[in-house]
Amino acid sequence: MTAIADLRDTLTAVLGPAGVISDPVELRTYECDGLAGYRVVPSLVLLPTTTAEVAAVVRACHRAKVPFVARGAGTGLSGGALPVAEGVVISLQRMRALVEVDPANHRAVVQPGVTNLAISRAVSAYDLYYAPDPSSQQVCTIGGNVAENSGGAHCLKYGFTTNHVLALETVLPDGSVVWLGGPSPEVAGPDLRGLMVGSEGTLGIVTGVVVRLLRKPEAVHTLLADFPSIEQAGNTVTDIIGAGIVPAAMEIMDQLAIEASEAAVGAGYTLDTPAALVIELDGPADECGDLFEAVQELCHRNGTTKIRVAADDAERGRIWTGRKAAFAAVGRISPQYFVQDGVVPRTRLAEALGTIAAMGAEAGLRVANVFHAGDGNLHPLVLYDDARGEHERAEKLSKAIAELCVDLGGSLSGEHGIGTDKACSMPVMFGEDDLATMDRVRRAFDPDGLCNPGKMLPTPRLCGEKPGPYRPHPLEADGVIERL
């Protein structure tokens, strides 16, 4: 009996028949995450419902030396939940309980399969909400948000997942269960909670999350401004920050992204404008009103051709629907796409976008842009058609765009993670010592390399690196062994 067959029988006894998927057709449902350009069919999918069941599954994998990959809703965009062919996927979709709401202390305890938006909906009656808001917040899960340290449009003012998670219940790669963090943001000792957030499922599997909740702002003002060029929209962003104003969100979409979004949801964006800028301010009513007038003045100084101010919550919702639908809507104008999320300094936004446009033209591929302009977090979407043999060219262009961001003084990823997609670009951003340190940390948690292998760090198998310079083995250096 193979290790997988033995594992299937063992874990069927733990999870029941409904908790184990081994049918080849059903397994294909889990062959990729949101980055559909990479696909691997797992050998087995497991569906635990409790922390104890997750721990039992991980212990069984640890004993059998079978690699495992945790998965939430599968909305990740970097291949972080890409399965391993000879391994198993541990899906957390059945762990959807909102365990506790503590409005007095602005906290909630949730299982990892709870969707991001469900948290805000559950605490809305207490005038509270959960701040990080990825575009996929209706379907993405808090467990995946923790793995990728997700942000969203409002991270410009409110920060990322790591700023809103207080503690994590975690199943370590040997199956033991620990709590990391505590009831307040500052706890004694090493920040292991901070280490786990953004580790992309390579250090353990999160099975419980204590999130921090915020009071809803007194006032919210939102506008949608059209510009004759994406550079003018970018200059407006720079001027707003230069004036000492920190909006809750500033988002730019180019004409191609607007076209796709309007085809999907019809939010009322101007189809023939080269760029649209969404700006939202929130806070105390008096302060917010004055700053909103100043923001509109800066839009006019940079040549806006039209400003649409949201008159009420319903219109604000339509503007955000247009922005947040952009990623999924691109599927209407292209059968496949790669999306990057590199970060550049705000002052180099125009340079980055101009270079990306030139790179796309040279490659003969269209590139749509929709991005968090306030913090320089680009989201270029490289559109391609696999049926026309464009996959390899698109993958090469996507990788070059990510590395361009590093060349401009930024980073490979702002919120989507490194995953499979950008692992081979890590040496562009980090030196050998940096990568070796990261690998040592990873091996301290997972010495057998079973927990989401092949993600984040480059490997010869993944990247096809050429062998490095010869280094004698310590036993060879001591004269114990010799090379033949």
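Refer to the preceding data block for the structure.
Residues numbered from 1 in each chain as written. Predicted model: local features only at pLDDT ≥ 70, side-chain atom pairs only at ≥ 80, totals over all residues. Heavy atoms only, no water.

(A) Quick peek at a negative patch on the surface. A surface patch of negative charge is lined by Glu 218, Asp 286, Glu 287, Asp 290 and Glu 293. Looking at the element boundaries, Glu 287 is found in helix 10 (residues 285–301). Judged by relative accessible area, which is 46%, Glu 287 ranks as partly exposed. (Patch = residues over 30% accessible without salt bridge, like charges linked within 9 Å, V, L, I, M, F, W, Y side chains within 5 Å. Areas by Shrake-Rupley, 256 points an atom, 1.4 Å probe, with all protein chains shown as cover. Salt bridge = Lys/Arg side-chain N within 4 Å of Asp/Glu carboxyl O. Lys, Arg positive; Asp, Glu negative; His and termini not counted. Charge placed at Lys NZ, Arg CZ, Asp CG, Glu CD. Helix = DSSP H or I, 4+ residues; strand = E, 2+ residues; numbered from the N terminus. Buried < 20%, exposed > 50% of the residue type's maximum accessible area, 1.4 Å probe, protein only.)

(B) Region of interest: the sheet that holds strand 1 (residues 20–21). A sheet is described by the order of its strands in space; here 4 strands give the open sequence 1-2-4-3, paired in mixed fashion. At either margin of the open sheet sits one strand with a lone partner, and together these are strand 1 and strand 3 (68–71). With 4 bridges connecting them, strand 3 and strand 4 (residues 88–91) associate as parallel partners. By the bridge assignment for strand 4, Arg 71 is matched with Ser 91. Here helix 1 (residues 3–15) sits on the sheet in contact with strand 1, strand 2 (44–46) and strand 4, set at roughly 20° to strand 2. Relative to the sheet, helix 3 (residues 51–64) contacts strand 2, strand 3 and strand 4, its axis offset from that of strand 4 by approximately 165°. (Pairing = 2+ DSSP bridges. Contact = heavy atoms within 4.5 Å. Axes fitted to C-alpha atoms, helices over the stretch in contact; angles between N-to-C directions.)

(C) Looking closely at empty space enclosed by the protein. Taken as a whole, this structure holds 1 cavity of 30 Å³ or more when the rule is applied. As for the largest cavity, its lining consists of Leu 224, Asp 226, Gly 268, Tyr 269, Thr 270, Lys 306 and Arg 308. Along the lines of polarity and charge, the residues of the lining of the largest cavity split into 2 nonpolar, 2 polar and 3 charged. (1 Å grid on protein atoms, 1.4 Å probe; cavity = no way out; pocket = protein on both sides within 12 Å on 5 of 7 lines; lining within 4 Å. Points joined across faces, edges and corners; volume = space filled by probe spheres on them. Nonpolar A, V, L, I, M, F, W, Y, C, P; charged D, E, K, R; others polar.)

(D) Local environment of the nonpolar core. With 45 residues, the main nonpolar core has Ile 252, Ile 279, Val 295, Phe 371, Leu 378, Val 382 and Leu 397 as its most contacted residues. Of all the elements, helix 13 (residues 349–363) adds the most residues to this core, at 6 residues. Counting residues domain by domain, this core receives three or more from each of domain 1 (3–91) and domain 3 (217–333). Beyond its immediate sequence surroundings of up to four residues, Val 295 is in contact with Leu 223, Ile 240, Ile 245, Ile 279 and Leu 281. Membership of the second largest hydrophobic core comes to 26 residues, among which are Leu 256, Ala 257, Ala 260 and Ala 326. (Core = buried A, V, L, I, M, F, W, Y, C linked by side-chain atoms within 4.5 Å. Domains from an automatic or database assignment.)

(E) The arrangement of the packing of aromatic side chains in detail. Enumeration over the complete set of coordinates arrives at 2 aromatic pairs. Summarising the aromatic geometry, the rings of Tyr 38 and Phe 338 are spaced 6.0 Å apart at their centres and angled 55° between planes, so their arrangement reads as tilted. Here Tyr 38 is found in the loop between helix 2 (24–27) and strand 2, whereas its partner Phe 338 is found in strand 16 (residues 336–339), with 300 residues between them in sequence. Each member of the pair, Tyr 38 together with Phe 338, is buried. Ring geometry for Phe 338 and Tyr 384: centres 5.2 Å apart, planes at 15°, overall stacked. Here Phe 338 is found in strand 16, whereas its partner Tyr 384 is found in strand 18 (residues 380–384), with 46 residues between them in sequence. With relative accessibility at 3%, the residue Tyr 384 sits in the buried group. (Phe/Tyr/Trp six-rings, centres within 6.5 Å; stacked < 30°, edge-to-face > 60°.)

(F) Inspection of the environment of Arg 442 at higher detail. Within the secondary structure layout, Arg 442 lies in helix 16 (residues 432–445). Sequence separation between Arg 442 and Glu 395 is 47 residues; the distance between their C-alpha atoms is 28 Å. In contact with Arg 442, other than residues within four places in its own chain, are Thr 202, Leu 203, Cys 451, Asn 452, Pro 453, Gly 454, Lys 455, Met 456 and Leu 457. A polar contact of 2.8 Å, which involves the side chain of Arg 442, links it to the backbone oxygen of Lys 455. (Polar contact = N/O pair within 3.5 Å; in protein donor to acceptor, adjacent residues only side chain to side chain.)

(G) Summary view of the side chain of Lys 324. Within the secondary structure layout, Lys 324 lies in helix 11 (residues 313–324). On the accessibility criterion, Lys 324 (19% relative accessible area) is buried. The contacts of Lys 324, once residues within four sequence positions are left out, are Asp 133, Pro 134, Ser 135 and Gln 137.

(H) The sheet that holds strand 12 (residues 219–227), seen in detail. On the basis of which strands lie adjacent, the open sheet formed by 7 strands has the order 15-12-14-13-17-18-16 and antiparallel pairing. The open sheet has two free edges, formed respectively by strand 15 (306–309) and strand 16, since each of these has just one partner strand. When the angles between neighbouring strand axes are averaged without regard to direction, this sheet yields 15°. Pairing of strand 12 with strand 14 (residues 275–283), which is carried by 9 bridges, proceeds in the antiparallel orientation.

(I) A look at unusual backbone geometry. The backbone of Lys 65 shows a phi angle near 60°, a positive value even though the residue is not glycine. With respect to the helices, strands and loops of the structure, Lys 65 is situated in the loop between helix 3 and strand 3. Despite not being glycine, Glu 200 shows a phi value in the positive range, around 60°. Locating Glu 200 in the fold gives a position in the loop between helix 7 (192–196) and strand 10 (205–212). Residue class for Glu 200 comes out buried when judged on its relative accessible area of 5%.

(J) Quick look at the pairing of strand 10. In terms of residue burial, strand 10 counts as a mostly covered element, since 7 of its 8 residues are buried. As defined by bridge partners, strand 6 (residues 107–110) adjoins strand 10 across 4 bridges and the pair is classed as antiparallel. When the bridges of strand 10 are listed, Val 110 appears paired with Val 209. Looking at chain direction, strand 8 (residues 165–171) and strand 10 are connected through 6 bridges and run antiparallel. Across the sheet, the residue bridging to Leu 168 is Val 209, located in strand 10.

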